[in-house]
Amino acid sequence: MAAPPSAPLSRSPCYLRRPAPGPQCSWGMEERAAAGTRCRESPGPLRAAAVPYFGISVHQDDILPGALRLIQELRPHWKPEQVRTKRFTDGITNKLVACYVEEDMRDCVLVRVYGERTELLVDRENEVRNFQLLRAHGCAPKLYCTFQNGLCYEYMPGVALGPEHIREPRLFRLIALEMAKIHTIHTNGSLPKPILWHKMHNYFTLVKNEINPSCESIRETDQDVASASSRERQRSSPSQGCPAALVLFARDNLSTDVPKIEVLEHELAWLKEHLSQLDSPVVFCHNDLLCKNIIYDSTKGHVRFIDYEYAGYNYQAFDIGNHFNEFAGVNEVDYCRYPARETQLQWLRYYLQAQKGMAVTSREVERLYVQVNKFALASHFFWALWALIQNQFSTINFDFLRYAVIRFNQYFTVKPQVSALEMPK
């Protein structure tokens, strides 16, 4: 995730508690049983043979000294007094600084320091493998090294896009083509399995066993959440024809707007049962394609995606639906900007034609449209759980709890209409 909502609220507390025994839904037990055959979350970076590793730790709150030590290793010909630095402040998972000597930043090293306890959210070994895989296919910059709590990589020239850019047909065509390219990447090994349910189960378990977002007066049902969202929407949004718009105001205790654990467990079970039946292909996905993770190079006329922490094999429709959710932005979250049906159909036609290398039928486009909008529900739930965990552990100045509430509310707001979508005959 990239940038915080522009009107942060005071950080509401979540409390650690001991894991409590209790009944679990069947999908959770299934995922635990399967976890032994899949990649596990690990706090350590991958010391890949082709990627240098330095035993240097960079302090999160004082990045520059450690970054300069790394630069001495990677660019020994640079004179320390000539090294310039630039901090990037959009990130809400990690901290990032650019190091360079020339004004044009032609040779620039990005030093990324992992956020506090983000090993709970990200498989760092898998991230390095994904980085190398995408680089081998011309889709990622060079990875220079890993270190104790981060990695260094090549700066990719261009402009990080915003919500106003990704709506432009000439740009969303390029985005669709690049996603289609990444979705065709294959690695050697067994038939890939989607990471979605494994990740969602891990996040839910952390929320259930480590974090207590609940307090009195929490909404307990879909109807409660939807009706409260509707009331707030009517008060705050004058826009017409935008049923999914939601504007949140400051409240004394945002945790009252987080559904109870029992509701979350029920919804996750429903999501897995419902979405697994849609037959969305499993492909190599970015899984976090928000605007700031898309770099547009106007001189070359292409886009490239950055930040591969959450990349991996997943449902095709999840990757696209997740990107469509990001049309709403992060600084100023506004679901009025969620792409209209006609925009989606054009985007999906570009994507399918690039993927198949031929013209596609309206039925194929319509089928993907239904799959994408249904999987967009899973995207809301995924990042809402993620934000609850970040709210507990992250040291980055960002109201993660508020963001979780936004995503949960949007999930319950659009669930009825999305559930009603049917596959074309």
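Right above here is the structure, for reference.
About the criteria used
Residues numbered from 1 in each chain as written. Predicted model: local features only at pLDDT ≥ 70, side-chain atom pairs only at ≥ 80, totals over all residues. Heavy atoms only, no water. Helix = DSSP H or I, 4+ residues; strand = E, 2+ residues; numbered from the N terminus. Buried < 20%, exposed > 50% of the residue type's maximum accessible area, 1.4 Å probe, protein only. Contact = heavy atoms within 4.5 Å. Areas by Shrake-Rupley, 256 points an atom, 1.4 Å probe, with all protein chains shown as cover. Pairing = 2+ DSSP bridges. Expected span 1.5 Å × (residues − 1). Axes fitted to C-alpha atoms, helices over the stretch in contact; angles between N-to-C directions. Salt bridge = Lys/Arg side-chain N within 4 Å of Asp/Glu carboxyl O. Polar contact = N/O pair within 3.5 Å; in protein donor to acceptor, adjacent residues only side chain to side chain. Phe/Tyr/Trp six-rings, centres within 6.5 Å; stacked < 30°, edge-to-face > 60°. Lys NZ or Arg CZ within 6 Å of the ring centre and 35° of its normal. Parallel < 35°, antiparallel > 145°, perpendicular 65-115°, else oblique. Left-handed = near helix turned anticlockwise from the far one by under 90°. Nonpolar A, V, L, I, M, F, W, Y, C, P; charged D, E, K, R; others polar.

Participant: Residues and numbers for the overall build of the chain, please.
Facilitator: Broken down by element type, the chain carries eleven helices and 13 strands. Split into buried and exposed, the 425 residues of the chain put 56% on the buried side. Partitioning the contacts of the chain with sequence separation of at least 6, the portion at a separation of at least 24 is 76%. Total accessible area on the chain is roughly 18700 Å²; 51% of this is exposed by carbon and sulfur atoms.

Participant: Summarise the sheet that holds strand β8 (residues 159-160); cite the residues concerned and give the values.
Facilitator: Ordered in space as β8-β11-β12, the three strands form an open sheet in which the pairing is antiparallel. Of all the strands in the sheet, the pair left with one neighbour each is β8 and β12 (302-305). Taken together, the four bridges between strand β11 (residues 294-297) and β12 define a ladder with antiparallel strand orientation. Across the sheet, the residue bridging to Ile294 is Phe305, located in β12.

Participant: Hey, could you go over helix α5 (residues 196-210) for me, with residue numbers and the actual values?
Facilitator: Along its 15 residues, α5 runs 21 Å from first to last C-alpha, staying within 8% of the 21 Å computed at 1.5 Å per residue. Most of α5 is tucked away: twelve of the 15 residues are buried. Listed in full, the buried residues belonging to α5 are Leu196, Trp197, His198, Lys199, Met200, His201, Tyr203, Phe204, Leu206, Val207, Lys208 and Asn209.

Participant: Just give me the short version of the sheet that holds strand β4 (residues 95-100), but keep the residues and values in it.
Facilitator: Spatially, the six strands line up as an open sheet ordered β2-β6-β7-β5-β4-β3, and their pairing is mixed. Among the strands making up the open sheet, the edge pair consists of β2 (53-54) and β3 (84-88). Its contacts with the sheet put helix α2 (residues 63-74) on β2, β3, β4, β5 (108-113), β6 (143-147) and β7 (150-154), and the angle it makes with β4 is roughly 45 degrees.

Participant: Which residues make up the pattern of salt bridges, and what values go with them?
Facilitator: Tallied over the full model, the rule gives 16 salt bridges. The partner of Glu326 in a salt bridge is Arg407, and the shortest N-O contact between them spans 4.0 Å. Here Glu326, found in the loop between α8 (316-325) and α9 (341-356), pairs with Arg407, found in helix α11 (residues 400-419); they are 81 residues apart in sequence, far enough to count as distant. With respect to burial, Glu326 and Arg407 carry one shared label: buried. Across the salt bridge formed by Lys356 and Glu364, the nearest N and O atoms sit 3.5 Å from each other. For Glu364, a relative accessible area of 27% translates into the label partly exposed. The structure contains a network of salt bridges with shared partners spanning Arg112, Arg124, Glu127, Asp307 and Glu309.

Participant: Can you tell me about the side chain of Asn322, naming the residues and giving the values?
Facilitator: Looking at where Asn322 falls in the secondary structure, it is placed in helix α8. Among the polar contacts made by the side chain of Asn322, one reaches the side chain of Trp383 at a distance of 2.8 Å. Discounting residues that sit within four places of it in the chain, Asn322 has contacts with Asn287, Asp288, Leu289, Ser379 and Trp383.

Participant: Mind laying out the packing of aromatic side chains, listing which residues take part and the relevant values?
Facilitator: For the coordinates displayed, the defined rule picks out 20 aromatic pairs. Measuring from ring centre to ring centre gives 5.3 Å for Phe324 and Trp347, while their planes differ by 85 degrees; the resulting arrangement is edge-to-face. Of this pair, Phe324 sits in helix α8 while Trp347 sits in helix α9; the two residues are 23 residues apart in sequence, bridging distant segments of the chain. No difference in accessibility class separates Phe324 from Trp347, as the two residues are buried. Each member of the aromatic cluster is reached from another via a ring pair, and the members are Tyr203, Tyr310, Phe318, Phe382, Trp383, Trp386, Phe398, Phe400 and Tyr403. Between Arg75 and the ring centre of Tyr144, over which it is positioned, the NZ or CZ distance is 4.7 Å. When the ring centre of Trp270 is taken as origin, the NZ or CZ atom of Lys415, which lies over that ring, is 4.3 Å away.

Participant: I'd love a proper account of the packing of α9 against helix α10 (residues 362-393), names of residues and values included.
Facilitator: Contact pair α9 / α10: the axes reach a minimum separation of 9 Å and the direction vectors enclose 115 degrees. As judged from the angle between their axes, α9 and α10 are roughly perpendicular. When the axes of α9 and α10 are compared, the crossing they make is right-handed. In contact with Arg341, Gln344, Leu345, Leu348, Arg349, Tyr351, Leu352 and Lys356 of α9, α10 contributes Ser362, Glu364, Val365, Glu366, Leu368, Tyr369, Val372 and Asn373. For the contact of α9 with α10, the per-class residue count stands at eight nonpolar, three polar and five charged.

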